[in-house]
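Analysis of the macromolecular model
Here's the letter readout for the chains.
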Amino acid sequence: MIAIKYAKKIGFPIAVFLFFFLLNPYNLNMYFGYILVGLILFKKGFILKNLDSTFLLLLVTSGIYALFYALNPHAGSQYILIYALFPASFYLLGKYVYLKIDGNKTHLFYFLFLLAALYAMTPLVSVFLNIREGGFGQLDRSLPLFWNGQLVSATIMGSYYTLNMCIPALLIVQQKKTNWSLKIIASVIFLLSLACSLRIGSRTQILIFIITLFCSIIYIIPRQSAKRNFITFLLFFLGLYVLISNVSFDFDQDWLSAFASRMEKGGSDDIASGGGRSERWVKSIGNIFEQPLGWKAEDFGHSHNMWLDVLRVSGVIPFFLLIGFSIKSFLILKSKVSKNKTNLAFNNLLIVYFIAFNLVFMVEPIFEGVFEMFAIFCLYMGIVAKIDTKQTQNTRIIQKQ
């Protein structure tokens with residue numbers, strides 16, 4: 001089994017606690033995260049060997065944010081250490097995973113896909129059970145987790161499906177070794193994630209699906225042969241025709257009830273403003289100068305933007321540092337993809353995952369809502385940052401021979 005294979009490579013202690021961190025039984029994932037942090041930080045000599053400017057930038061950013069949060073720990077004082085340690089530690093964890101998997105692009109592709117599937121598993125099962133019990137005609141968007149019945153808002157629930165919504169963008173690129181069982185499993189996971197997104201009326205997830213698929217097509221067109229492009233577009237339009245011919249998209253349909261209800265309540269103005277987010281963004285940007293040390297959420301609620309909500313909680317210093325990390329992450333990804341042109345499928349995965357992460361970061365208060373998503377992004381960036389280092393080492397060995 002592929003999961004056992006990677007567990008052996010990574011090491012069972014880290015693999016097991018990463019598994020439970022992603023699965024989040026009884027909402028205990030942060031405690032498993034603490035153990036992961038300890039396991040990676042206390043690996044002898046590992047930090048010194050993998051220290052870089054991105055790690056230091058993350059450590060300073062999250063440390064300052066944690067200090068400001070400590071002034072008003074509304075979610076609990078345990079989050080002070082979580083905010084301070086998780087980002088940089090998970091970045092190192094990504095580097096550790098890369099080294100243990102020996103930089104094999106096919107194995108990294110499967111690992112990241114498995115990571116995404118496990119991260120969405122608990123919300124996926126929870127919403128699917130709700131659909132099975134009451135169908136799509138229910139209008140309640142806050143649904144209980146099956147572990148303990150805790151109600152979770154549609155905004156947070158939907159964010160867990162983010163990477164699963166990239167699956168069509170991943171499947172559209174031909175892999176050197178076609179694994180049909182993986183494609184079938186991936187297709188099922190996507191359809192379930194899509195159904196759950198429709199049940200909770202998540203417009204964000206539908207947009208992530210469309211945008212990542214479009215970006216993937218734009219990326220692969222100039223890099224594939226004309227024959228392969230013809231097959232890709234033929235399959236794409238054939239699938240689109242079958243979908244349109246057999247599925248009714250009338251908002252009166254039961255399976256679109258929650259989605260249609262939200263669209264009708266919001267109207268075109270609500271959609272154009274991102275559910276009222278754009279007004280909050282404008283106010284938040286204005287507060288860069290008016291309240292540079294942050295402001296209370298009671299003023300106008302969350303900014304619904306990761307960077308601006310960091311600005312609200314901890315002021316301009318972590319805000320600009322986090323923007324710096326985001327820009328640096330983009331430049332790292334751009335460099336790695338441009339220097340590793342041989343594996344189109346893996347490069348495509350790196351690109352669409354990066355786009356998907358940042359689309360959610362644009363519209364949600366990540367640090368206060370789904371901080372584990374940012375930790376997973378840091379793990380992903382640790383893998384990306386390590387790619388060229390391993391390749392360079394291999395190149396030097398070949399040159400010496």
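See the structure above.
Just so you know, these numbers come straight off a predicted model, no measurement behind them. (Residues numbered from 1 in each chain as written. Predicted model: local features only at pLDDT ≥ 70, side-chain atom pairs only at ≥ 80, totals over all residues. Heavy atoms only, no water.)

Positive phi is not limited to glycine here, since Asn-24 has a value of about 55 degrees. Turning to its location among the elements, Asn-24 is positioned in the loop between helix H2 (12-23) and helix H3 (29-41). Residue classification places Asn-24 among the buried positions, given a relative accessible area of 8%. (Helix = DSSP H or I, 4+ residues; strand = E, 2+ residues; numbered from the N terminus. Buried < 20%, exposed > 50% of the residue type's maximum accessible area, 1.4 Å probe, protein only.)

With that out of the way, let us pick up the pattern of salt bridges. Pairs can form between side chains of opposite charge once their charged atoms are near each other. This structure, assessed with the given rule, holds 5 salt bridges. With its nearest N and O atoms 3.1 Å apart, the salt bridge here joins Arg-277 to Glu-364. Of this pair, Arg-277 sits in helix H14 (residues 277-290) while Glu-364 sits in the loop between helix H17 (344-363) and helix H18 (366-369), placing them 87 residues apart in sequence. Per residue, the accessibility class of Arg-277 equals that of Glu-364, and both read buried. For Glu-279, the salt bridge identified is with Lys-283, shortest N-O distance 3.6 Å. Placement of the pair is Glu-279 and Lys-283 together in helix H14, with a separation of 4 residues, close to one helical turn. Salt bridges linked by common partners bring Asp-309, Arg-312 and Glu-368 together as one network. (Salt bridge = Lys/Arg side-chain N within 4 Å of Asp/Glu carboxyl O.)

Per the counting criterion, the structure on display carries 37 aromatic pairs. On the numbers, 5.3 Å between centres and 25 degrees between planes, the contact of Phe-20 with Phe-32 is stacked. Here Phe-20 is found in helix H2, whereas its partner Phe-32 is found in helix H3, with 12 residues between them in sequence. Looking at Phe-20, the relative accessible area reads 29%, which means it is partly exposed. (Phe/Tyr/Trp six-rings, centres within 6.5 Å; stacked < 30°, edge-to-face > 60°.)

A few words on the nonpolar core. Residues Phe-21, Phe-90, Phe-111, Tyr-353, Phe-367, Phe-374 and Tyr-380 are the most contacted members of the largest nonpolar core, which totals 118 residues. With 15 residues, the top contributor of residues to this core is helix H7 (residues 105-134). Excluding anything up to four places from it in sequence, Phe-374 contacts Leu-58, Pro-87, Met-306, Leu-322, Phe-325, Phe-361, Ile-366 and Phe-367. (Core = buried A, V, L, I, M, F, W, Y, C linked by side-chain atoms within 4.5 Å. Contact = heavy atoms within 4.5 Å.)

A word on a nonpolar patch on the surface. A surface patch of nonpolar side chains, about 720 Å² in accessible area, is lined by Phe-230, Ile-231, Leu-234, Leu-235, Leu-238, Tyr-241 and Val-242. Position of Tyr-241 among the secondary structure elements: in helix H12 (residues 226-246). Owing to a relative accessible area of 58%, Tyr-241 belongs among the exposed residues under this scheme. (Patch = residues over 30% accessible without salt bridge, like charges linked within 9 Å, V, L, I, M, F, W, Y side chains within 5 Å. Areas by Shrake-Rupley, 256 points an atom, 1.4 Å probe, with all protein chains shown as cover.)

The next thing to look at is H17. Over its 20 residues, H17 extends 29 Å from the first C-alpha to the last, a length consistent with the 28 Å expected when each residue adds 1.5 Å. Counting buried positions along H17 yields 17 of 20 residues, so the element is predominantly enclosed. (Expected span 1.5 Å × (residues − 1).)

Looking now at H14. Compared with an ideal rise of 1.5 Å per residue, which puts 14 residues at 20 Å, H14 spans 20 Å between its outermost C-alpha atoms and is within 8% of the ideal. Along H14, the residues classified as buried are Arg-277, Ser-284, Asn-287 and Ile-288. Buried residues in H14, looked at end-on, bunch into an arc of 120 degrees, giving them a common side. Turned more than 90 degrees away from the buried face of H14, the exposed residues are Glu-279, Val-282, Phe-289 and Glu-290. Buried-residue contacts for H14 involve helix H15 (306-314), helix H16 (316-339) and H17. (Arc of directions from axis to C-beta.)

Keep in mind these numbers describe shape, not what the thing actually does.
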